[in-house]
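Below are the chains, spelled out letter by letter.
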Amino acid sequence: MSTALSTQIQLVARPHGWPEPSDFRTVSVEYGDLEPGQVRVENEFLSVDPYMRGRMRDEKSYVPPFVLGETMTGGAIGRVVESASDDLPEGTVVLHQYGWRDVVQEDASGFKAVPEVPGLPLSLYLGMLGMTGLTAYAGLTRIARLEEGDTVFVSGAAGAVGTAVGQIAKLLGAGRVIGSAGSDEKVELLTSKYGYDAAFNYKNGPVREQLAAAAPDGIDVYFDNVGGDHLEAALDAFNDGGRAALCGAISVYNSTGTEPGPDNMVQLIKKSLTLEGFTVGSHLNLAGEFQELMTGWFSEGKVAYDETVVDGLENTLDAFLDMMRGANIGKMIVRTSTPGA
Ligand code: NDP
């Protein structure tokens with residue numbers, strides 16, 4: 001038994017527009033000896049995710065706001081380094097939601113043991129093998145009700161969810177998959193590595209025009225990570241009976257006011273469209289089915305992934321902001337340095 005110091009990042013003010021360093025503080029917390037049932041975990045990787053921007057607001061949503069003066073919660077993966085619980089012996093790899101800190105000490109019930117998959121980094125549990133992949137799978141299969149041969153359009157296509165959506169869509173029988181992303185490098189990767197049939201850089205011209213050119217026969221499914229002009233363009237491009245899975249609207253997450261809605265909602269009537277929003281938390285019942293499929297695809301070499309890894313807990317806020325600005329390809333991850341190293 002021993003004590004341990006934990007460095008933690010806390011939200012201290014609600015950002016107006018883009019978050020600033022002054023909205024956060026770093027604190028050092030000393031954990032005492034373990035109590036019965038507790039474990040001490042050293043984190044290896046932290047997740048920074050767009051939904052965290054929503055939780056920085058004092059607004060009612062599907063998850064409560066972050067509490068000011070408390071440590072930022074969120075997905076993380078680490079290893080048990082001391083244990084007073086028979087359920088999680090020392091060395092166990094665990095997933096948890098205790099967020100932006102290097103060390104955490106809590107009751108074992110707050111952690112989930114996960115197996116190490118040979119050849120794959122643990123960080124994949126925060127991305128393709130975890131909530132990110134499940135979001136893509138649930139959105140495609142349960143919300144957009146993907147059918148064989150569908151033409152699928154994905155916005156935010158080179159990000160964590162987007163790279164999963166394009167590949168899963170193809171593996172489940174989509175006909176043509178079209179993606180949009182914010183740089184020429186990302187667009188090139190979409191077609192060369194991620195199985196997209198066509199892709200465009202939304203910064204190079206109006207999305208409406210670029211999508212119409214990439215999908216001359218229209219689209220059947222739209223997986224929306226962005227909202228705004230992308231959703232508007234998708235409504236115009238839809239074939240009759242088209243379905244949109246509304247997953248995210250990152251184009252407005254840092255807005256300080258209200259944003260105008262699509263100017264073409266009448267398309268929903270003309271084309272009998274379905275737009276349905278969802279959150280992955282409502283589809284956790286699919287986790288087992290998804291894990292089995294995804295680990296199978298990985299072992300068959302059918303899935304590619306990228307991670308943009310930022311080193312150091314002290315760079316977590318920068319990693320979050322860089323992800324919101326589009327600096328990441330695939331999942332943005334923070335690798336926490338080993339305490340004392
Ligand atoms: P990403 O890895 O996709 O990172 C965010 C990306 O958003 C950036 O890389 C950037 O890429 C893009 N972006 C930023 N601003 C804009 C803009 N104004 N217009 C278009 N693209 C922009 O993040 P995630 O994969 O984690 O999340 C993707 C989306 O899915 C988000 O909207 C998120 O909220 C949502 N989500 C929803 C879940 C749910 O349960 N409903 C669960 C998980 C995620 P680029 O260079 O292409 O601009």
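Predicted model only: the values in this text are computed from it and were never measured. (Residues numbered from 1 in each chain as written. Predicted model: local features only at pLDDT ≥ 70, side-chain atom pairs only at ≥ 80, totals over all residues. Heavy atoms only, no water.)

(A) Molecular detail of the overall build of the chain. Of regular secondary structure, the chain possesses nine helices and 16 strands. In terms of C-alpha radius of gyration, the chain reaches 21 Å, essentially the compact-globule figure of 20 Å for 341 residues. Taken over 341 residues, the chain has a buried fraction of 51%. A separation of at least 24 residues holds for 68% of the contacts in the chain among residues at least 6 apart in sequence. With an accessible surface of roughly 14800 Å², the chain has 50% of that area assigned to carbon and sulfur atoms. Once the 25 positive and 46 negative side-chain charges of the chain are each reduced to a mean point, those two points are 5 Å apart. (Helix = DSSP H or I, 4+ residues; strand = E, 2+ residues; numbered from the N terminus. Rg over C-alpha atoms; globule rule 2.2 N^0.38 Å. Buried < 20%, exposed > 50% of the residue type's maximum accessible area, 1.4 Å probe, protein only. Contact = heavy atoms within 4.5 Å. Areas by Shrake-Rupley, 256 points an atom, 1.4 Å probe, with all protein chains shown as cover. Lys, Arg positive; Asp, Glu negative; His and termini not counted. Charge placed at Lys NZ, Arg CZ, Asp CG, Glu CD.)

(B) Representation of the site of the ligand in the model. Of all residues adjacent to the ligand, which total 25 residues, the nearest are V161, K186, Y202, V280 and N328. Within the backbone of G182, a nitrogen or oxygen atom sits 2.8 Å from an oxygen atom of the ligand. Between F278 and the ligand, the recorded distance is 2.9 Å, taken from a backbone N or O atom to a nitrogen atom. Its free accessible area being 900 Å², the ligand has 89% of it covered by the protein chains. Breaking the shell around the ligand down by element, the ones donating at least two residues are α3 (160–171) and α9 (316–325). Here the residues of the shell around the ligand sort into 14 nonpolar, 10 polar and one charged. Formed jointly, the shell around the ligand draws a minimum of three residues from each of two domains, domain 1 (4–126 + 306–335) and domain 2 (131–283). (Near = heavy atom within 4 Å. Polar contact = N/O pair within 3.5 Å; in protein donor to acceptor, adjacent residues only side chain to side chain. Nonpolar A, V, L, I, M, F, W, Y, C, P; charged D, E, K, R; others polar. Domains from an automatic or database assignment.)

(C) How the structure looks around the pattern of salt bridges. Scanning the entire structure with this criterion turns up 14 salt bridges. R79 serves as the salt-bridge partner of E44, at 3.0 Å between the closest nitrogen and oxygen. With a gap of 35 residues between them, E44 in strand β3 (residues 38–47) and R79 in strand β5 (residues 76–83) connect regions that are remote in the sequence. We classify E44 as partly exposed; its relative accessible area is 25%. Under the relative-accessibility criterion, R79 is labelled partly exposed at 25%. Here D49 ties to K331 by a salt bridge, and the two come within 3.2 Å at their closest N and O atoms. Here D49 is found in the loop between β3 and α1 (51–55), whereas its partner K331 is found in strand β16 (residues 331–335), with 282 residues between them in sequence. (Salt bridge = Lys/Arg side-chain N within 4 Å of Asp/Glu carboxyl O.)

(D) Layout of the side chain of T135. Of note, T135 is situated in helix α2 (residues 131–143). In terms of polar contacts, T135 uses its side chain to reach the backbone carbonyl oxygen of M131, at 2.6 Å. When sequence neighbours within four positions are dropped, the list of residues in contact with T135 reads V161, F223, C247, F278 and V280.

(E) A look at the sheet that holds strand β12 (residues 219–224). Strands sit in the order β11-β10-β9-β12-β13-β14 across an open sheet of six strands; the sheet is parallel. In this open sheet, the two strands that pair with only one neighbour each are β11 (198–201) and β14 (274–277). Looking at each pair of strands side by side, their axes are set apart by 15° on average, direction ignored. The sheet contact formed by β12 and strand β13 (residues 238–246) spans five bridges and is parallel. Counterpart to D224 in the pairing with β13 is L246. (Pairing = 2+ DSSP bridges. Axes fitted to C-alpha atoms, helices over the stretch in contact; angles between N-to-C directions.)

(F) Region of interest: helix α5 (residues 207–214). Turning to α5, its buried residues number three or more, namely V207, Q210, L211 and A214. Down the axis of α5, the smallest arc covering the buried residues is 95°, so these residues share one side. Those residues of α5 that are exposed and angled more than 90 degrees off the buried face are E209 and A213. Buried positions along α5 lie against β9 (151–154), β10 (176–181), β11 and α6 (228–237). (Arc of directions from axis to C-beta.)

(G) Looking closely at the packing of α5 against α6. Axis separation between α5 and α6 bottoms out at 9 Å; the angle between their running directions is 40°. Of the possible angle classes, the one that applies to α5 and α6 is oblique. Considering only the axes of α5 and α6, their crossing is right-handed. Touching V207, R208 and L211 of α5 are D229, H230, E232, A233, A234, D236 and A237, all from α6. Across the contact of α5 with α6, the residue classes break down as five nonpolar, one polar and four charged. (Parallel < 35°, antiparallel > 145°, perpendicular 65-115°, else oblique. Left-handed = near helix turned anticlockwise from the far one by under 90°.)

(H) Here's a closer look at the sheet that holds strand β4 (residues 70–71). If you trace the three strands from one edge of the open sheet to the other, you get β2-β1-β4, paired in antiparallel fashion. Each edge of the sheet is formed by a strand with only one pairing partner; in this case those strands are β2 (24–31) and β4. Of the strand pairs in this sheet, strand β1 (residues 4–11) and β4 are connected by two bridges, and their pairing is antiparallel. For L11, the partnering residue across the bridge sits in β4 and is E70.

(I) Representation of the nonpolar core within the structure. Formed by 47 residues in total, the largest nonpolar core has its most connected members in I77, L140, V152, V154, I168, F223 and M294. Among the elements that take part in this core, α2 stands out by supplying six residues, more than any other. If you count residues domain by domain, this core takes at least three from each of domain 1 (4–126 + 306–335) and domain 2 (131–283). Other than its neighbours up to four places away in sequence, V154 contacts G162, V165, V177, I178, G179, S180, Y196, F223 and N225. Ranked by size, the runner-up nonpolar core spans 21 residues in total, among them L46, M72, A76 and M332. (Core = buried A, V, L, I, M, F, W, Y, C linked by side-chain atoms within 4.5 Å.)

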